[in-house]
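Architecture at a glance
In case you want the letters, here they are:
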Amino acid sequence: MTKLNESTIEHHAIALFKELGYAYAFGPDIGPDGNQKERADYTETLLLERLRTAIHKLNPAAPKGIRDEALRMVRDAAHGGLVTQNNLIQRMLVEGVRVAHQVDGEERGIIVRLLDYEHPEKNDFLVVNQYTVIHDRINRRADLVVFINGIPLGLFELKNMADANATVQKAWNQLQTYQADIPNLMAYNAVLAISDGLKAAMGCLGAPYERFLPWKTIDGQELMDRGDDPLRFLIHGIFEPRRFLDLIRYFIAFEDDGRKLSKKIAAYHQFHAAHKALLTTLAAAGIGGDRRGGVVWHT
């Protein structure tokens, strides 16, 4: 029997991402001292050349100066209050980056896209393990970071279930440490995940431990059963490229109650119920439809 430890779980997760078509890189290899260097230093959390390439490919009509300014704005967006900046970055991801420029003395805006939602294959999907980040001389190393077009949108904290002291609660605690210590990475995050191999759950910035929930279906049809691999369901259910893009585009929201800005992300049943409700409504409203969309019951 394979000895179960944190490294085993990490490599199992990487294999699951590879099944979805993700490229893989070892964090130290693409770090400042690595032999496949993609970062100038450990304070830089974006993979800049990947992002620059994506911006060029997705916005071929935009002048180079506009594309460069969009890249600068994405880099600068990580500085400030964590949830406020995460909200700003979320708008950039969904709506694009609005870059102001002068035309005949009049200010106009050009929208620069960061992601291609309609054609997932035109994006650059990458998973990286052992990703070191430094902020204000504090050094942290994330177990797994998931990138689209060089932007760190997913983060996994993994624990060894064979160690009684290394629980998924401890993994959640570690995410709180990251939010305090390395906001330059966490400001870009869309989805957080924790797992010990036996359990796996997802949530978002600021969510309490009880709001980190398992993702119990891959395709919205079959539910996870006893004995199934919860990490496979979570990774294949959320991070399949089209689903991950869909989750980012439509299923993340921020709520401001006047006292606090909070981030919210859909659970698996809300994600799939919304898709089914849309399909049912379109069918009901179409030719030959009965004009009855139905009701979705959920909590």
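It should be noted that the structure appears before, not after, this text.
Quick notes on the rules
- What you see as residue numbers is a count from 1 along each chain, following the sequence as written.
- With the structure being a predicted model, the display of local features is reserved for residues of pLDDT at least 70 and the display and counting of side-chain atom pairs for 80 or more, all residues being used for whole-chain, interface and lining totals.
- Hydrogens are left out, water is left out, and the side-chain values use all remaining heavy atoms of the structure.
- Grouping buried Ala, Val, Leu, Ile, Met, Phe, Trp, Tyr and Cys residues that are joined through side-chain atoms within 4.5 Å yields what is termed a nonpolar core.
- Only protein chains enter the area calculation, which uses a 1.4 Å probe; residues under 20% of their type maximum are buried, those over 50% are exposed, and those in between are partly exposed.
- Only heavy atoms matter for contacts: two residues are in contact if any of them lie within 4.5 Å across the pair.
- Paired strands are those between which DSSP finds at least two bridges.
- Starting at the N terminus, helices and strands are each numbered in turn, a helix being any DSSP run of H or I of at least four residues and a strand any DSSP run of E of at least two.
- Lines fitted to the C-alpha atoms define the axes, with helices restricted to the stretch that makes contact. Angles between their N-to-C directions range from 0 to 180 degrees.
- Polar contact is the term for a pair of N or O atoms within 3.5 Å; when the atoms are in protein, one must be able to donate a hydrogen and the other to accept it, and sequence-neighboring residues count only if both atoms are side-chain atoms.
- Each pair of aromatic rings taken from Phe, Tyr and Trp, with Trp reduced to its six-membered ring, is defined by centres within 6.5 Å and is described as stacked if the planes are under 30 degrees apart, edge-to-face if over 60, and tilted in the remaining cases.
- Geometrically, a charge over a ring is one whose NZ (Lys) or CZ (Arg) sits within 6 Å of the ring centre while staying within 35 degrees of the ring normal.

1. Observations regarding the nonpolar core
With 87 residues, the main nonpolar core has Leu114, Phe156, Leu234, Phe239 and Phe244 as its most contacted residues. Among all residues touching Phe244, those that are not within four sequence positions of it are Tyr22, Val146, Ile148, Leu153, Gly154, Val191, Ile238 and Phe239.

2. Looking at the sheet that holds strand β8 (residues 200-203)
Judged by pairing direction, the sheet is mixed, and its 6 strands sit side by side in the order β1-β4-β5-β6-β7-β8 without closing on themselves. Sheet topology places β1 (23-26) and β8 at the edges, where each strand pairs with a single neighbour. The mean inter-strand angle of the sheet, taken between neighbouring strand axes irrespective of direction, is 30°. One ladder, built from 5 bridges, connects strand β6 (residues 151-158) with strand β7 (residues 191-195); its direction is parallel. Within β7, the residue paired with Glu157 across the bridge is Ile194. Its contacts with the sheet put helix α9 (residues 241-250) on β4 (125-135), β5 (138-148), β6, β7 and β8, and the angle it makes with β5 is roughly 110°.

3. Some points on helix α8 (residues 230-239)
Given 3.6 residues per turn, any residue in an α-helix points the same way as the ones three and four places further on. Of all 10 residues in α8, 9 are buried, a share of seventy percent or more. Residues of α8 that are buried include every one of Pro230, Leu231, Phe233, Leu234, Ile235, His236, Gly237, Ile238 and Phe239, and no others. For α8, the N-terminal capping position is held by Asp229, with its side-chain oxygen 3.0 Å away from the main-chain nitrogen of Leu231.

4. Section: the environment of Leu175
For Leu175, the position within the fold is in helix α6 (residues 168-181). When the C-alpha atoms of Leu175 and Cys204 are compared, they prove to be 9.9 Å apart, with 29 residues separating the residues in sequence. Aside from chain neighbours lying at most four places away, what touches Leu175 is Leu155, Glu157, Met186, Leu192, Ala193, Ile194 and Phe212.

5. Looking at unusual backbone geometry
Unusually for a residue other than glycine, Asp136 sits at a positive phi of about 50°. Here Asp136 shows up in the loop between β4 and β5. Backbone geometry at Arg137 places phi at a positive 65°, although glycine is not the residue there. Residue position: Arg137 is located in the loop between β4 and β5.

6. Topic: the packing of aromatic side chains
Enumeration over the complete set of coordinates arrives at 11 aromatic pairs. Note on Phe156 and Phe239: the rings are 5.5 Å apart at their centroids and 45° apart in plane angle, and the pair reads as tilted. Separated by 83 residues along the polypeptide, Phe156 in strand β6 and Phe239 in helix α8 bring together distant segments of the chain. Ring pairs connect the aromatic residues Phe17, Tyr22, Phe125, Phe156, Phe239 and Phe244, which therefore count as one cluster. If you follow Arg39 out to its NZ or CZ, it ends over the ring of Tyr131, 4.0 Å from the centre.

By themselves, these observations are geometric and do not establish any function.
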